[in-house]
Amino acid sequence: MTETGIHYLDARGPDGMRLYAIGDVHGRHDLLVAMHRRIESELECAASCDWRIIHLGDYTDRGPDSKSVIDFLIEARARDPRNLMLAGNHDIGFLDFLDRPDPDGLFMRYGGVQTAASYGVKLSTGSSWFGRPDEALARGHAALVEAVPQAHVDFLRSLSFSVTFGDFFFCHAGIRPGIPLDRQSPQDLIWIRDAFHDHPGLYPKVIVHGHTPVPEAEVFANRVNVDTLAWQSGTLSALAVNGAEKRILAAEGKAF
């Protein structure tokens, strides 16, 4: 198979712009703050450079403090729009649950109880009948809708699905091979796994993503995965790009 596209070793960021792509946070406000402090320390030493901090989605669920994560991101973007936030499947799943409390959906099955707890709401995982919530879940859902600030809903609804700088394309999960980058579906950008991971060739750009947790950040010829299961492992990872220089950063804290 003839490879076309950019190899990781040859990939470059835009001249004069530093890029930082942060993996899945999943409610680990402590690690997100630590990562930003590390990045800000680097940027203070390179004050003449432009920069972008790209968050790759999955801010909510599983970890202990999704509410504070969203507060932090809203404040960061308001302070400087060069803080960019992309959508992850869990962030969309949170919105879906607020719209309709599906007891068998992503939110309830994979960490939404912890998200609700961060807003002071206890959700019951009670029984369901043909996807309809029981009374306890319905009450919990109503309480959560009341507890989540409109600013958080607006933030989640505002999230883009991808962004590109230089030779890098950033998204939550990956891309569909053979489809132009500007024609990728939102569903693939936040959910795809096997077809993307197993593709042997290069992509038009190096794809920087999370979504699939790994023990440590993975660097391949065609993609970089920075989801290191932060909510459980206590390690939040990021890719740093400065021209042709590329590094993996880590912020570390308590493991669960």
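Described in the following lines is the structure provided in the data block. In this text, all values refer to a predicted model and were calculated from it rather than measured experimentally.

1. Section: the overall build of the protein
Part 1 of the argument: When its secondary structure is counted, the protein shows 10 helices and 12 strands.
Part 2 of the argument: A compact globule built from 256 residues would reach a C-alpha radius of gyration of about 18 Å, and the protein, at 18 Å, matches this within 12%.
Part 3 of the argument: Considering only C-alpha atoms, the protein reaches an extent of 55 × 45 × 30 Å along its principal axes.
Part 4 of the argument: Relative to its full complement of 256 residues, the protein shows a buried share of 52%.
Part 5 of the argument: Across the protein, every contact between residues at least 6 apart in sequence was considered, and the portion connecting residues at least 24 apart equals 67%.
Part 6 of the argument: Accessible surface for the protein amounts to roughly 11,600 Å². Of this, 51% is attributable to carbon and sulfur atoms.

2. Examining the pattern of salt bridges
Part 1 of the argument: If you walk through the whole model with that rule in mind, you get 10 salt bridges.
Part 2 of the argument: The partner of R12 in a salt bridge is D15, and the shortest N-O contact between them spans 3.5 Å.
Part 3 of the argument: The class for D15 is exposed, based on a relative accessible area of 69%.
Part 4 of the argument: Each member of the salt-bridge network shares a partner with another, and the members are D50, R52, D80 and R82.

3. Description of the state of the cysteines
Part 1 of the argument: Scanning all chains against the criterion turns up 0 disulfides.
Part 2 of the argument: We note that C45 lacks a disulfide partner, and the nearest cysteine sulfur, in C49, lies 11 Å from it.
Part 3 of the argument: By relative accessible area, which is 72% here, C45 ends up exposed.

4. Details of the packing of helix α3 (residues 89-99) against helix α7 (residues 150-158)
For any two helices packed against each other, the geometry comes down to the angle between their axes and how far apart the axes lie.
Part 1 of the argument: Between α3 and α7, the shortest axis-to-axis distance is 10 Å and the interhelical angle comes to 130 degrees. Considered as vectors, α3 and α7 are oriented oblique to each other. The two elements α3 and α7 meet at a crossing, and its hand is left-handed. Across the interface between the two elements, D91, F94, L95, L98 and D99 from α3 touch V153, L156 and R157 from α7.
Part 2 of the argument: Broken down by class, the residue content of the contact of α3 with α7 amounts to 5 nonpolar, no polar and 3 charged.

5. Some remarks on the sheet that holds strand β3 (residues 83-85)
Part 1 of the argument: With mixed pairing, 5 strands are arranged side by side in an open sheet as β3-β2-β1-β11-β12. Unpaired on one side and paired on the other, β3 and β12 (245-252) mark the two borders of the sheet. Taken over all neighbouring pairs, the strand axes of this sheet differ in orientation by 20 degrees on average, direction set aside.
Part 2 of the argument: The pairing of strand β11 (residues 235-242) with β12 spans 8 bridges and is classified as antiparallel. Residue pairing for β12: L239 is matched across the bridge by I248.
Part 3 of the argument: This element, helix α1 (residues 29-44), spans β1 (17-22), β2 (50-55), β3, β11 and β12 of the sheet and lies at about 140 degrees to β12.
Part 4 of the argument: Together, β2 and β3 form the strand contacts of helix α2 (residues 66-79), whose direction differs from that of β3 by roughly 135 degrees.

6. Some points on the side chain of R52
Part 1 of the argument: Along the polypeptide, R52 turns up in strand β2.
Part 2 of the argument: For R52, the side chain forms a polar contact with the side chain of D50, separated by 3.0 Å.
Part 3 of the argument: Setting aside anything within four residues of it in sequence, one finds R52 in contact with M17, R18, L19, Y20, R82, L84 and F165.

7. Comments concerning the nonpolar core
Generally speaking, soluble globular proteins have nonpolar side chains that are buried together.
Part 1 of the argument: Counting 42 residues, the largest nonpolar core has F94 and L144 as the members making the most contacts within it.
Part 2 of the argument: If you tally residues by element for this core, the top one is α1, at 6 residues.
Part 3 of the argument: With sequence-adjacent residues up to four places away left out, F94 is seen in contact with T60, I70, F107, T115, Y119, L144, V148 and L156.
Part 4 of the argument: Judged by nonpolar contacts, the second largest core, of 18 residues, contains L19, I54, F170 and V226.

How each quantity is defined
- Residues numbered from 1 in each chain as written.
- Predicted model: local features only at pLDDT ≥ 70, side-chain atom pairs only at ≥ 80, totals over all residues.
- Heavy atoms only, no water.
- Helix = DSSP H or I, 4+ residues; strand = E, 2+ residues; numbered from the N terminus.
- Rg over C-alpha atoms; globule rule 2.2 N^0.38 Å.
- Buried < 20%, exposed > 50% of the residue type's maximum accessible area, 1.4 Å probe, protein only.
- Contact = heavy atoms within 4.5 Å.
- Areas by Shrake-Rupley, 256 points an atom, 1.4 Å probe, with all protein chains shown as cover.
- Salt bridge = Lys/Arg side-chain N within 4 Å of Asp/Glu carboxyl O.
- Disulfide = S-S within 2.5 Å.
- Axes fitted to C-alpha atoms, helices over the stretch in contact; angles between N-to-C directions.
- Parallel < 35°, antiparallel > 145°, perpendicular 65-115°, else oblique.
- Left-handed = near helix turned anticlockwise from the far one by under 90°.
- Nonpolar A, V, L, I, M, F, W, Y, C, P; charged D, E, K, R; others polar.
- Pairing = 2+ DSSP bridges.
- Polar contact = N/O pair within 3.5 Å; in protein donor to acceptor, adjacent residues only side chain to side chain.
- Core = buried A, V, L, I, M, F, W, Y, C linked by side-chain atoms within 4.5 Å.

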